[in-house]
2 protein chains.
Amino acid sequence: MLQSLEIELTKTKKQQPPAEQLGFGNYYTDHMFIMNYEDGKGWNTPRIVPYQPIVLDPAAKVFHYGQTIFEGLKAYKTDDGRVLLFRPHKNIQRMNRSNERLSVPELIIDDAIEALKQLLAVDQNWIPTAPGTSLYIRPFIIATQPQLGVAPSTHYQFIIIMSPVGAYYTEGVNPVKIFVESEYVRSVKGGVGEAKTAGNYAAGLKAQEIAKEKGYSQVLWLDGVHRKYIEEVGSMNVFFKINGIVHTPALNGSILDGVTRNSIIQLLNHWNITVEERPITIEELYEANRKGELEEAFGTGTAAVISPIGELNWQGEVLVINEGRTGELSKKLYDTLTGIQMGKIADPFGWMVEATGIRV
Amino acid sequence: MLQSLEIELTKTKKQQPPAEQLGFGNYYTDHMFIMNYEDGKGWNTPRIVPYQPIVLDPAAKVFHYGQTIFEGLKAYKTDDGRVLLFRPHKNIQRMNRSNERLSVPELIIDDAIEALKQLLAVDQNWIPTAPGTSLYIRPFIIATQPQLGVAPSTHYQFIIIMSPVGAYYTEGVNPVKIFVESEYVRSVKGGVGEAKTAGNYAAGLKAQEIAKEKGYSQVLWLDGVHRKYIEEVGSMNVFFKINGIVHTPALNGSILDGVTRNSIIQLLNHWNITVEERPITIEELYEANRKGELEEAFGTGTAAVISPIGELNWQGEVLVINEGRTGELSKKLYDTLTGIQMGKIADPFGWMVEATGIRV
């Protein structure tokens, strides 16, 4: 279906910001991809157009009932000028799982990948190359039917926008302080925590604001049923190195199946470091720390890649990890993963997909 | 601040649909209200404009992180031509509680009420008067800042649209069949279930679709922790008459504090019928039914007002209530509440607010 892709190039190219000014999600490239969906007709009218506002009826369901799904992935330009995408199929496959949970129509995976590649081809001069920078890609779907009954929409738009980004945290890869959340809950089994949908993020803002006021960067979410099992940190998956073994919460239906999480597990297996995916209680972290066995902790996600955790605060009890410094394994994982992503280190896993064969 | 309200009237009035064609949320009046918010500046630029599309940057936070709040209330036109709003302060107060939970700036309540009245004045000829019809009013707030960091937006829009509506259920006030949901969860304590925000509704669609396929109109939600306490039915609060006493789930942090729920409790108290707000298990409903004590069940909400429940299905066990007929009390509550709302029955509670003093 992407054969019918129409491309309308901008007549007024934007000025690109300097690398040190990028931040995260502040600037957008010259073009965007759009495709419509209509019940009975399916996905149709794929097009690349100049970056422009979305025009929706005020009754469009996305504003009222939150039927919206998104993804986040990154593209890199290598020193020899190749454009690389990091595991794009994982993102589009997850998007379809999210779609299924939110009663949003599924995408044809190959079409969505092709759309990513075509848009990248048009705006590849926007991929920044300074250390720590990349082109963040945000595919998303919104329900557009102007109808206020609580029911799945009959119409949708699939849109891809792209943003040249620097580091997600202004702290860089330095360890962050994390507040363990005891009052608010991100999600619960049977809910939508496994889906990458807007409501999960809105639900987490309040706790994050309170943590910020207390001097913490993010919150560590506990499960909503027992309030003791570790789920995620902010909008990242989380890992703990305890006595030489790496532990991460098992996928339980309420946490996100992170692409970076999955890649870190593969990397650790590749290095013959044992990874245990299992339910982890907050008590046992504190217990491991008392025994001197809690060696490192870090969050993983597309935006920050690896975010070392230097301190936890659970109900006033402060736990300092690795003297608040970035751990050796965290550093090695960050360097290796970003090295593979930027095409500087060999990719034994076949993760990187070159955006070639473009028609523009 | 509403003193600076600007009104731009439409030059092309729409044709109004006949009453029997209305349905729910399909048609919108000629005008809408909009007001902007900006950090440091507060709510500003209130205006009534012709009903028109919303134009947003594709990176606007509402599309990605779901910071959006809504309300629903109704206006009626009496036989002598007065325009009545049902308990509008309750809705705007709840909107502010939802705002607080989702890190959205609060509204000035009097300004929001004034906005409702002014918009109603402009479009009062849109209020349908046929039996069972009303003008449904949808105030909502969306986060508009074009920025992809996960943090509260710096910019918002508060919008009011209005839709002439008929009955919410095509079945009318006849009893509906309800599927008791055992797999999916709507919300959990610590989450956002108490807030009227888009994500709660998106989260419920999947279960509703599955129930529909099985021949049920809605689902009855159980709590996410124990999976046994009754929470809500679809997007309504729920009541059970057992052995002469009316029971409804207590406000527990995960269910909506419904305006209709609150009004029903007041009405029942006024009639000297005992109402117990408490945790109710699904088992005890079935037990009460076995003893012949479960007399009536009904959902309450702005859209449907009272929706009698004729049948429950919990893990394959079917429970028929009042032989599948509308109960006497359900009928009396419906007739009384809609009678007060339409100005046909005296309003001993001071619920109805007349939209007078308008400047247009």
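In every chain, residue numbers begin from 1 and rise along the written sequence. Chains and ligands are labelled sequentially in the order written, the chains with letters from A and the ligands with numbers from 1. Local features in this predicted model are restricted to residues whose pLDDT is 70 or higher, and side-chain atom pairs enter the listing and the counts only when it is 80 or higher, whereas totals over whole chains, interfaces and linings include all residues. The side-chain values count all of the structure's non-hydrogen atoms but skip hydrogen atoms and water molecules.

**Points about the packing of helix α5 (residues 259-270) of chain B against helix α7 (residues 328-341) of chain B**
Packed helices, taken two at a time, are described by the angle between their axes plus the distance between the axes.
All names here are of chain B.
Okay, so step 1: Angles here are taken between N-to-C directions and fall from 0 to 180 degrees, while the axes themselves are lines fitted to C-alpha atoms, restricted in helices to the stretch in contact. Helix and strand definitions here come from DSSP, where helices need a minimum of 4 consecutive H or I residues and strands a minimum of 2 consecutive E residues; each element is numbered from the N-terminal end. Between α5 and α7, the least distance of the axes is 11 Å, while the angle of their chain directions is 105°. Here α5 lies roughly perpendicular to α7, going by the angle between them. Facing α5, whose interface residues are Thr 260, Ser 263, Ile 264, Leu 267 and Leu 268, α7 presents Leu 329, Leu 333, Thr 336 and Leu 337. Angular relationships are summarised with four words: roughly parallel below 35 degrees, roughly antiparallel beyond 145, roughly perpendicular across 65 to 115, and oblique for the angles in between. Here, two residues are considered to be in contact whenever any of their heavy atoms come within 4.5 Å of each other.

**So, the relation of the copies chain A and chain B**
Both copies of the chain are related through a single rotation about an axis accompanied by a shift along the same axis.
Okay, so step 1: The least-squares superposition of copies is restricted to C-alpha atoms, and to residues with a pLDDT of at least 70 in both copies. Superposition record for chain A on chain B: RMSD 0.0 Å, screw rotation 180°, translation along axis 0.0 Å. On the angle and the small slide along the axis, the relation comes out as a two-fold axis.
Okay, so step 2: By residue overlap, the copies meet face to face through one surface: 100% of the interface positions of chain A are interface positions in chain B.

**Describing the domain arrangement of chain A**
All names here are of chain A.
Okay, so step 1: Marked domain ranges trace back to an automatic or database domain assignment. As assigned here, chain A comprises domain 1 (2-166 + 349-354) and domain 2 (176-326).
Okay, so step 2: One C-alpha centre belongs to domain 1, the other to domain 2, and the line joining them spans 28 Å.
Okay, so step 3: Counting from both sides, the interface comprises 21 residues of domain 1 and, opposite them, 20 residues of domain 2.
Okay, so step 4: Across the domain 1 to domain 2 interface the summed buried area is about 1700 Å²; carbon plus sulfur atoms make up 59%.
Okay, so step 5: A simple way to read buried area is as the amount of 1.4 Å-probe accessible surface that goes missing from two parts once joined, with both sides added. For the domain 1 face of the interface with domain 2, the top three residues by lost area are Phe 70, Arg 94 and Phe 349, together amounting to 32%.
Okay, so step 6: For salt bridges, the criterion is a side-chain nitrogen of Lys or Arg within 4 Å of an Asp or Glu carboxyl oxygen. Taking the shortest distance from any N to any O, the salt bridge between Asp 257 and Arg 97 comes out at 3.1 Å.
Okay, so step 7: In protein, a polar contact requires one atom able to donate a hydrogen and another able to accept it; more generally it is a pair of N or O atoms within 3.5 Å, and residues adjacent in sequence count only if both atoms are side-chain atoms. Across the domain 1-domain 2 interface, the total number found is 11 residue pairs in polar contact (both at pLDDT 80 or more).
Okay, so step 8: Of all elements in the fold, only β5 (68-70), β6 (73-77) and α2 (88-101) reach the threshold of two or more residues within the side of domain 1 that touches domain 2.
Okay, so step 9: If one sorts the elements of the side of domain 1 that touches domain 2 by residue count, α2 sits on top with 6 residues.
Okay, so step 10: Think of it as three bins: nonpolar holds Ala, Val, Leu, Ile, Met, Phe, Trp, Tyr, Cys and Pro, charged holds Asp, Glu, Lys and Arg, and polar takes everything else, Gly as well. Classifying every residue of the side of domain 1 that touches domain 2 gives 9 nonpolar, 5 polar and 7 charged.

**Concerning the interface of chain A and chain B**
Okay, so step 1: At the junction of the two partners, chain A supplies 60 residues and chain B supplies 60 residues.
Okay, so step 2: When the two sides are added together, the surface that chain A and chain B hide from each other amounts to roughly 5000 Å², 61% of it contributed by carbon and sulfur.
Okay, so step 3: Looking only at chain A, the three residues that lose the most surface to chain B are Pro 58, Phe 63 and Val 150 of chain A, adding up to 13% of its buried area.
Okay, so step 4: At the boundary of chain A with chain B, the tally comes to 2 salt bridges.
Okay, so step 5: The partner of Glu 100 of chain B in a salt bridge is Lys 206 of chain A, and the shortest N-O contact between them spans 2.5 Å.
Okay, so step 6: Between chain A and chain B we count 26 residue pairs in polar contact (both at pLDDT 80 or more) in total.

**Observations regarding unusual backbone geometry**
Residues and elements named next belong to chain B.
Okay, so step 1: Phi is positive for Asn 243, close to 50°, though the residue is something other than glycine.
Okay, so step 2: Checked against the element boundaries, Asn 243 lands in the loop between β13 (237-242) and β14 (245-249).
Okay, so step 3: Positive phi is not limited to glycine here, since Asn 272 has a value of about 60°.
Okay, so step 4: Tracing the backbone shows Asn 272 in the loop between α5 and β15 (275-278).

**So, α7 of chain B**
Residues and elements named next belong to chain B.
Okay, so step 1: One less than the number of residues in a helix, times 1.5 Å, gives the span that helix is expected to have. A rise of 1.5 Å per residue sets the reference length of α7, with its 14 residues, at 20 Å; its end C-alpha atoms lie 20 Å apart and thus fit the reference within 8%.
Okay, so step 2: Each residue's exposure class comes from its accessible area (1.4 Å probe, protein chains only) as a fraction of the maximum for that residue type: buried when under 20%, exposed when over 50%, partly exposed otherwise. For α7, every residue scored as buried is listed here: Leu 329, Ser 330, Leu 333, Thr 336, Leu 337, Thr 338, Gly 339, Ile 340 and Gln 341.
Okay, so step 3: Trailing α7 by a residue or two, Gly 343 shows a phi angle of about 75°, which is positive.

**Topic: the side chain of Thr 281 of chain A**
Okay, so step 1: Inspection of the secondary structure puts Thr 281 of chain A in the loop between β15 (275-278) and α6 (282-290).
Okay, so step 2: In this structure Thr 281 of chain A touches Lys 228, Tyr 229 and Ile 230 of chain A, once residues within four positions along its chain are discounted.

**A word on the environment of Gly 166 of chain A**
All names here are of chain A.
Okay, so step 1: Along the chain, Gly 166 falls in the loop between β9 (155-165) and β10 (176-180).
Okay, so step 2: According to the relative accessible area criterion, Gly 166 is buried, its value standing at 10%.
Okay, so step 3: When sequence neighbours within four positions are dropped, the list of residues in contact with Gly 166 reads Leu 22, Gly 23, Gly 132 and Thr 133.

**Quick look at helix α6 (residues 282-290) of chain B**
Okay, so step 1: Every buried residue of α6 of chain B is listed here: Ile 282, Leu 285, Tyr 286 and Ala 288 of chain B. Along the long axis of α6 of chain B, the arc covered by the buried residues comes to 160°, so they all point the same way. Arc definition: it is the arc formed by the directions from the helix axis to the C-beta atoms.

**Some thoughts on the environment of Phe 24 of chain A**
Residues and elements named next belong to chain A.
Okay, so step 1: Looking at the element boundaries, Phe 24 is found in the loop between β1 (6-7) and β2 (31-38).
Okay, so step 2: Residue classification places Phe 24 among the buried residues on the basis of a relative accessible area of 8%.
Okay, so step 3: Here the alpha-carbon distance between Phe 24 and His 64, two residues 40 residues apart in the chain, equals 27 Å.

**Let's talk about the environment of Glu 231 of chain A**
Residues and elements named next belong to chain A.
Okay, so step 1: Examined against the element boundaries, Glu 231 turns out to sit in strand β12 (residues 230-233).
Okay, so step 2: Distance from Glu 231 to Pro 88, taken between C-alpha atoms, is 25 Å for residues 143 residues apart in sequence.
Okay, so step 3: For Glu 231, the contacting residues outside a window of four places in its chain are Ser 187, Trp 221, Leu 222, Asp 223, Val 238, Pro 249, Asn 252, Ser 254 and Ile 255.
Okay, so step 4: A distance of 3.1 Å separates a polar atom in the side chain of Glu 231 from a polar atom in the side chain of Asn 252.

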